[in-house]
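Given next are the chains, with one letter for each unit.
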Amino acid sequence: MKNRESNIELLRIVLMIMIIVHHVIVHGYALEKNIKDFSHANRTVYPELFINSFVIVGVNTFIFISGYFGIKFKLRNLISIIFQAFFYSICISLVFILTSSSKIALVDFVKSILPISGNVWWYLGVYLGLYFISPFLNKGVEFIDNRQLVFLLAGLLYLDSFSGFIFRTVSGDGFTVFHFITIYLLARLLHKFDLKIKTPIRYFIGLALLLFGSTLILLAIDKPQFVWRLFAYNNPLLILSAIMLFYSFKERKIQSNAINLVSSSVFGIYLIHDHPFIRKIIVYFLNQGQGKDSIFLLIINICIIVIIIFLIGASIELLRKYIFYKIEYSLFQFWRTNRWIGRNKKMLRSRIQLQMSK
């Protein structure tokens, strides 16, 4: 963690909080359903839309970070990611089976055993696709000239943010490897050009307000069916917002081991809280809350549930990492000791014989 920039690690923490808030609003308070059935929605749909307009950039910004600094393909990191997914999916499923009175469908159990193929977390499968292709992307950016790279990105953005966003072809709503590749290469290009932006936080806030204003206009003209489309990841506004949020943290100089430590747990927090079984529990508790028409209680409930999810998730992930670090270290020491013994058997045998002869 010594080589990590704490300002970017702080951004990762902020992004995970944003993603949790987004999931609470979308899954817990059924924002998408309320938008599509707007005539029956309560008045909290407006603050939910306002909050979501700010936090929806979480995924895009995570991918932008990966692209800006470049993914370093390492087998050990790949195994670690896959192991985490299997560990949490199987453990959460077993706990749910042992403690829940409701039965788990066979297909859900199979998915828990094969979480990547079973698409337990959509982001994980798509990110792994980007991870595997990243060495080729990195080499391509390194050897292609800037003019060609700009044309390449213009074409990708056209397919992603025009054909995809408007006509829902090629990259759909942005939940695809194609969209992730586009964001990744865009970040590599901006890193290559060493782009500087003055007061990017103002642009981020302005873009979020523009997004929120667009949702209000569509609702005012009785077009709620188009509102949710604005939250597609390949919406040009969301891509720009992700860039501005990244640069808002990039120029800040922070160095903190505590921030780096907490940041190392964010992937585990994601895997825990967005597992389908955990999601059901979160939705259940949110539905038990009072004052569903109260904007004040909505804000309080979101703050409380997000803090609880983050703290519990971070604690579990840091504990898991500590335990497995100890196990890994012990196995390494055992392997190194046995390897040394194997190499020095003759010397040890002669020493033992010498001691016995005395």
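Structure's up top.
Residues numbered from 1 in each chain as written. Predicted model: local features only at pLDDT ≥ 70, side-chain atom pairs only at ≥ 80, totals over all residues. Heavy atoms only, no water.

Visitor: Account for the overall build of the protein chain, with residues named and values stated.
Guide: A tally of helices and strands in the protein chain yields 16 helices and 0 strands. Looking at the protein chain as a whole, 43% of its 358 residues are labelled buried. Considering only intrachain contacts with a sequence separation of at least 6, the fraction spanning at least 24 residues in the protein chain is 83%. Carbon and sulfur atoms make up 67% of the accessible area of the protein chain, which totals about 19,900 Å². (Helix = DSSP H or I, 4+ residues; strand = E, 2+ residues; numbered from the N terminus. Buried < 20%, exposed > 50% of the residue type's maximum accessible area, 1.4 Å probe, protein only. Contact = heavy atoms within 4.5 Å. Areas by Shrake-Rupley, 256 points an atom, 1.4 Å probe, with all protein chains shown as cover.)

Visitor: Explain the side chain of N234 residue by residue, including any values.
Guide: By secondary structure assignment, the location of N234 is in the loop between α10 (200-220) and α11 (236-250). Residue N234 is classed as buried on the basis of its relative accessible area of 0%. Polar contacts involving the side chain of N234 include one to the main-chain carbonyl oxygen of G172, which spans 2.8 Å. Apart from residues lying up to four places away in sequence, N234 is in contact with D160, S161, G164, F165, S171, G172, D173, G174, H179 and I239. (Polar contact = N/O pair within 3.5 Å; in protein donor to acceptor, adjacent residues only side chain to side chain.)

Visitor: How would you summarise the pattern of salt bridges if you had to cite specific residues and measurements?
Guide: For the structure shown, the criterion picks out 9 salt bridges. As a salt-bridge pair, K36 and E32 come within 2.9 Å of each other at their nearest N and O atoms. Taken as a pair, K36 and E32 lie in helix α2 (residues 31-36) at a separation of 4 residues, close to a single helical turn. Among the ionic pairs, R229 bridges to D173, the shortest N-O distance being 2.6 Å. Taken as a pair, R229 in the loop between α10 and α11 and D173 in the loop between α8 (146-167) and α9 (177-193) lie far apart in primary sequence, 56 residues in all. Accessibility expressed as a relative area gives 14% for R229, which makes it buried. (Salt bridge = Lys/Arg side-chain N within 4 Å of Asp/Glu carboxyl O.)

Visitor: Hey, could you go over the layout of surface pockets for me, with residue numbers and the actual values?
Guide: Size it by volume and the second largest pocket reaches roughly 440 Å³. Along its surface, the second largest pocket is lined by 22 residues, and H22, V26, E32, F175 and W228 are the ones closest to its centre. Breaking the lining of the second largest pocket down by element, the ones donating at least two residues are α1 (6-28) and α2. For the lining of the second largest pocket, the leading source of residues is α1, giving 4 residues. Residue classes in the lining of the second largest pocket are distributed as 10 nonpolar, 5 polar and 7 charged. (1 Å grid on protein atoms, 1.4 Å probe; cavity = no way out; pocket = protein on both sides within 12 Å on 5 of 7 lines; lining within 4 Å. Points joined across faces, edges and corners; volume = space filled by probe spheres on them. Nonpolar A, V, L, I, M, F, W, Y, C, P; charged D, E, K, R; others polar.)

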